[in-house]
Amino acid sequence: MTLAFELEALKELAKPSEAFADARTWSKYVGVVSEKPTYVVTNFTRKNRIRQDFFSGPRGKEESLENVKRQFDTARHVLVGTDDEDKALAEKLGWEFLHVEDAAAAADWPLAKDQPDDETEEPVRDDWP
């Protein structure tokens, strides 16, 4: 399976790096798509120590999903998103759609909105000078 997280869906998870690592155990390819500029996705994934197999880059979600489906030949292509626009896009491009709350419930990933404030704070980087 190829699994794409829409960036906003990933941000709704309390522990995005753990969810990403978990998804990697049952997906062949895992990445992030977004309409946001490349640096926004890169900053988020670096800050959360997420190693992705693909990301949108300068392209939008539609072009990214088309390219990913063409390049990563797996039996299933699933987009984890947040809204009806993501769902419509997935259906248009032949991807399965899974709402982030449903994905979180099925995979036992905690949502940020369900965590006390102190658990959703940014991680402290101890590897900086």
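None of the values given here were measured: they were computed from a predicted structure. (Residues numbered from 1 in each chain as written. Predicted model: local features only at pLDDT ≥ 70, side-chain atom pairs only at ≥ 80, totals over all residues. Heavy atoms only, no water.)

J.: Run through the sheet that holds strand E5 (residues 96–99), naming residues and quoting values.
T.: With respect to topology, 5 strands assemble into an open sheet ordered E3-E2-E1-E4-E5, the strand pairing being parallel. At either end of the open sheet lies a strand with only one pairing partner, and these are strand E3 (54–55) and E5. Bridge count between strand E1 (residues 2–6) and strand E4 (residues 77–81): 4 bridges; the pairing is parallel. Note that in E4 the partner of Leu-3 across the bridge is Val-78. On the sheet, helix H5 (residues 84–93) packs against E1, E4 and E5 and is oriented at approximately 160 degrees with respect to E5. Set on the sheet, helix H6 (residues 100–107) makes contact with E4 and E5; between it and E5 the angle comes to about 80 degrees. (Pairing = 2+ DSSP bridges. Helix = DSSP H or I, 4+ residues; strand = E, 2+ residues; numbered from the N terminus. Contact = heavy atoms within 4.5 Å. Axes fitted to C-alpha atoms, helices over the stretch in contact; angles between N-to-C directions.)

J.: Could you give me a rundown of the nonpolar core, with the residues and numbers involved?
T.: In summary, soluble globular proteins display a tendency toward joint burial of nonpolar side chains. Phe-5, Leu-10, Leu-13, Phe-20, Val-80 and Trp-109 are the most contacted members of the largest nonpolar core, which has 21 residues in total. Counting only elements with at least two residues in this core, the list comes to E1, helix H1 (7–11), helix H2 (16–26), strand E2 (29–33), helix H3 (38–47), E4 and H6. Setting aside residues up to four positions removed in sequence, Trp-109 forms contacts with Phe-5, Leu-13, Ala-19, Asp-22, Ala-23, Trp-26, Ala-103 and Ala-104. If you look at the next biggest cluster of nonpolar residues, it comprises 11 residues, including Val-33, Phe-54, Leu-89 and Leu-93. (Core = buried A, V, L, I, M, F, W, Y, C linked by side-chain atoms within 4.5 Å. Buried < 20%, exposed > 50% of the residue type's maximum accessible area, 1.4 Å probe, protein only.)

J.: Which residues make up the side chain of Asn-48, and what are the values?
T.: By the element assignment, Asn-48 lies in the loop between H3 and E3. By relative accessible area, which is 14% here, Asn-48 ends up buried. At 2.9 Å, the side chain of Asn-48 and the backbone oxygen of Phe-44 are in polar contact. Apart from the residues within four sequence positions on either side, Asn-48 is in contact with Pro-16 and Ser-17. (Polar contact = N/O pair within 3.5 Å; in protein donor to acceptor, adjacent residues only side chain to side chain.)

J.: How would you sum up the packing of aromatic side chains? Please name residues and give values.
T.: Under the defined criterion, the tally for this structure stands at 5 aromatic pairs. Ring centres of Trp-26 and Trp-109 lie 6.2 Å apart, and the angle between their planes is 15 degrees; this geometry places the pair in the stacked category. With Trp-26 in helix H2 and Trp-109 in the segment after H6, the pair connects residues that are 83 residues apart, well separated along the chain. Trp-26 gets classed as partly exposed once you look at its relative accessible area, which sits at 41%. Assessed through its relative accessible area of 8%, Trp-109 is described here as buried. Ring centres of Tyr-29 and Phe-72 lie 4.3 Å apart, and the angle between their planes is 55 degrees; on these two criteria the pair is classed as tilted. Of the two residues, Tyr-29 is situated in strand E2 and Phe-72 in the loop between helix H4 (61–71) and E4; the sequence distance between them amounts to 43 residues. Relative accessible area serves as the criterion here: at 13%, Phe-72 is assigned to the buried category. (Phe/Tyr/Trp six-rings, centres within 6.5 Å; stacked < 30°, edge-to-face > 60°.)

J.: Requested: an account of the pattern of salt bridges, with residues and values cited.
T.: The final tally for this structure, using the stated rule, is 8 salt bridges. Close ionic contact of Asp-86 with Lys-61 constitutes a salt bridge, the shortest N to O distance being 2.7 Å. In this pair, Asp-86 sits in helix H5 while Lys-61 sits in helix H4, placing the two residues 25 residues apart along the sequence. Taken as a pair, Asp-86 and Lys-61 share a single burial class, namely buried. One salt-bridge network, in which partners are shared between bridges, spans Glu-6, Lys-61 and Asp-86. (Salt bridge = Lys/Arg side-chain N within 4 Å of Asp/Glu carboxyl O.)

By themselves, these observations are geometric and do not establish any function.
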